[in-house]
Amino acid sequence: MQQTWHDLLFAHWPVEPEALRPLVPAGLPLDTYEGKCWVGVVPFRMSGISPRGMPSIPGLSAFPELNVRTYVTLDGKPGVYFFSLDAANPLAVWAARTFFRLPYMHARMECVPMGDAVACRSARLQKPAAEFRAQYQPTGDPLGARAGSLEHWLTERYCLYTANGSRFYRGDIHHRPWPLQPAQADFKVNSMAAATGIVLPESSPHLLFARRLNVLIWPLQRCAARGIFSHSITHHA
């Protein structure tokens, strides 16, 4: 699949590994940075969604999305694990749940550009209920995410992981390095993580913005059978 991501906010909070371990399948080792897991709430818009080299599919080619995520590493390959993905297109929700085994939810959602800023709001239309309302924008020039930095660790991940019972699957993702910018955000409502059972700290989140990125996504491949892991992999700056 090919698609383009627009006006993306990375909002991340540090969370103790013990709080996330029951929420992530035991066979996926949690990834940590300086002893902490990180939970991301990530709103953005997608466009140009289609099988590579083919025209866009009417009704499926453009819509906003909002995901809640953390980070895992399997077989030495760091990736993303999604707790939920809310989208405004019911056909896309069905297709993603069916073909990518991802926990997509149907929501009433919009992400509206307002000059340099973006106003995003989402209300889930199924249980568990979840709502998000925020305005965010970049506050500086693009920055290069230095290898070993938190910014690099959070964003430069080129696969996603999902599970079906005891079976694990990896979907590879290809894109250029993120055009990250520092950001600010005004959160009016944010119950996205709480709907998954995650209590975010009251501290201010780590914020990054990306204006546009072209992405290629490969079909899921089953991972080799693994034993049960309970420990996290720790990374240091």
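Within any chain, residue numbers begin from 1 and follow the written order of that chain's sequence. Per-residue local features of the predicted model are confined to residues with pLDDT of at least 70, and side-chain atom pairs are confined, for both listing and counting, to 80 or more; whole-chain, interface and lining totals are unaffected and use all residues. The side-chain numbers reported here are obtained from all heavy atoms of the structure, hydrogens and water having been left aside.

Undergrad: Could you give me a rundown of the overall build of the chain, with the residues and numbers involved?
TA: A helix here means a DSSP run of H or I that spans at least four residues, while a strand means a run of E at least two residues long, and both kinds are numbered starting from the N terminus. Counting its secondary structure elements, the chain contains three helices and 14 strands. Each of the three principal axes of the chain carries a C-alpha extent, and together these read 45 × 40 × 35 Å. Relative accessibility decides the category of a residue: with a 1.4 Å probe and only protein chains considered, values under 20% of the type maximum give buried, values over 50% give exposed, and everything between is partly exposed. A total of 237 residues make up the chain; the buried ones form 48% of that total. Only heavy atoms matter for contacts: two residues are in contact if any of them lie within 4.5 Å across the pair. Taking the contacts inside the chain whose residues are at least 6 apart along the sequence as the reference set, 69% of them involve residues at least 24 apart. Of the roughly 11,300 Å² that the chain leaves accessible, carbon and sulfur atoms contribute 54%. In this description, accessible areas are obtained by the Shrake-Rupley approach with a 1.4 Å probe, and a residue is regarded as covered only by the protein chains that are shown.

Undergrad: Give a detailed account of the nonpolar core, specifying residues and quantitative values.
TA: Counting residues in each nonpolar core, the largest one holds 37 residues, and the members touching the most others are Leu20 and Leu28. In contact with leucine 20, not counting residues within four places along its chain, are Val15, Leu30, Cys37, Val39, Thr70, Phe83 and Ile198. Side-chain atoms within 4.5 Å link the members of a nonpolar core, which is a set of buried Ala, Val, Leu, Ile, Met, Phe, Trp, Tyr and Cys residues. Residues Phe82, Ala87, Trp178 and Leu180 belong to the second largest nonpolar core, which totals 34 residues.

Undergrad: Which residues make up the pattern of salt bridges, and what values go with them?
TA: Any carboxyl oxygen of Asp or Glu within 4 Å of a side-chain nitrogen of Lys or Arg constitutes a salt bridge here. Inspection of every chain in the model, using the stated rule, returns ten salt bridges. For the salt bridge of aspartate 7 with arginine 45, the shortest nitrogen-to-oxygen distance reads 3.1 Å. One end of the pair, aspartate 7, is in strand β1 (residues 2-15); the other, arginine 45, is in strand β3 (residues 37-50), and 38 residues separate them in sequence. Arginine 45 gets classed as partly exposed once you look at its relative accessible area, which sits at 25%.

Undergrad: Give a detailed account of the pairing of strand β12 (residues 206-217), specifying residues and quantitative values.
TA: Pairs of strands are assigned from DSSP output, requiring at least two bridges between the strands. Here ten bridges tie β1 to β12, and the two strands are oriented antiparallel to one another. The residue of β12 that forms the bridge with phenylalanine 10 is leucine 208. When strand β10 (residues 167-174) meets β12, the two strands line up antiparallel, connected through two bridges. Within β12, the residue paired with histidine 174 across the bridge is leucine 216. Here three bridges tie strand β11 (residues 180-190) to β12, and the two strands are oriented antiparallel to one another. Note on β12: the bridge partner recorded for leucine 180 is alanine 210.

Undergrad: If you had to explain the layout of surface pockets to someone new, which residues and values would you point to?
TA: Volume-wise, the largest pocket comes out at about 670 Å³. Lining the largest pocket are 33 residues, and of these Gln3, Met46, Phe100, Tyr104 and Ile217 lie nearest its centre. Mapped onto the lining of the largest pocket, the elements with two or more residues apiece are β1, β3, β4 (63-74), β5 (77-87), α2 (90-99) and β9 (159-164). Buriedness of a pocket was judged along seven lines, with at least five required to meet protein on both sides within 12 Å; pockets are open sets of points on a 1 Å grid over the protein atoms alone, cavities are sets where a 1.4 Å probe fits but cannot get out, and lining residues have an atom within 4 Å of a point. Grid points are joined across faces, edges and corners, and a volume is the space filled by probe spheres set on the points.

Undergrad: Hey, could you go over the environment of leucine 8 for me, with residue numbers and the actual values?
TA: Positionally, leucine 8 belongs in strand β1. Spatially, the C-alpha atom of leucine 8 lies 6.3 Å from that of arginine 211, the residues being 203 residues apart in sequence. Filtering out sequence-adjacent residues up to four positions away, leucine 8 remains in contact with Val42, Pro43, Phe44, Tyr136, Trp178, Leu208, Phe209 and Ala210.

Undergrad: Could you give me a rundown of unusual backbone geometry, with the residues and numbers involved?
TA: With an omega of 0 degrees, the peptide bond running from lysine 127 to proline 128 counts as cis. With respect to the element layout, proline 128 can be found in the loop between β7 (117-124) and β8 (131-138). You will see that aspartate 7, though not glycine, has its phi angle at about 50 degrees, which is positive. Judged by its relative accessible area of 5%, aspartate 7 is buried.

Undergrad: Lay out the pairing of β8 in plain terms, naming residues and giving numbers.
TA: Burial of the side chains of β8 is restricted to one face: Phe132, Ala134, Tyr136 and Pro138 are buried, whereas none of Glu131, Arg133, Gln135 and Gln137 on the reverse face is. The sheet contact formed by β7 and β8 spans six bridges and is antiparallel. Residue pairing for β8: arginine 121 is matched across the bridge by arginine 133. With antiparallel pairing between neighbouring strands as the criterion, β7 and β8 make up a hairpin whose turn holds six residues. Taken together, the seven bridges between β8 and β11 define a ladder with antiparallel strand orientation. What sits directly across from tyrosine 136, in β11, is alanine 185.

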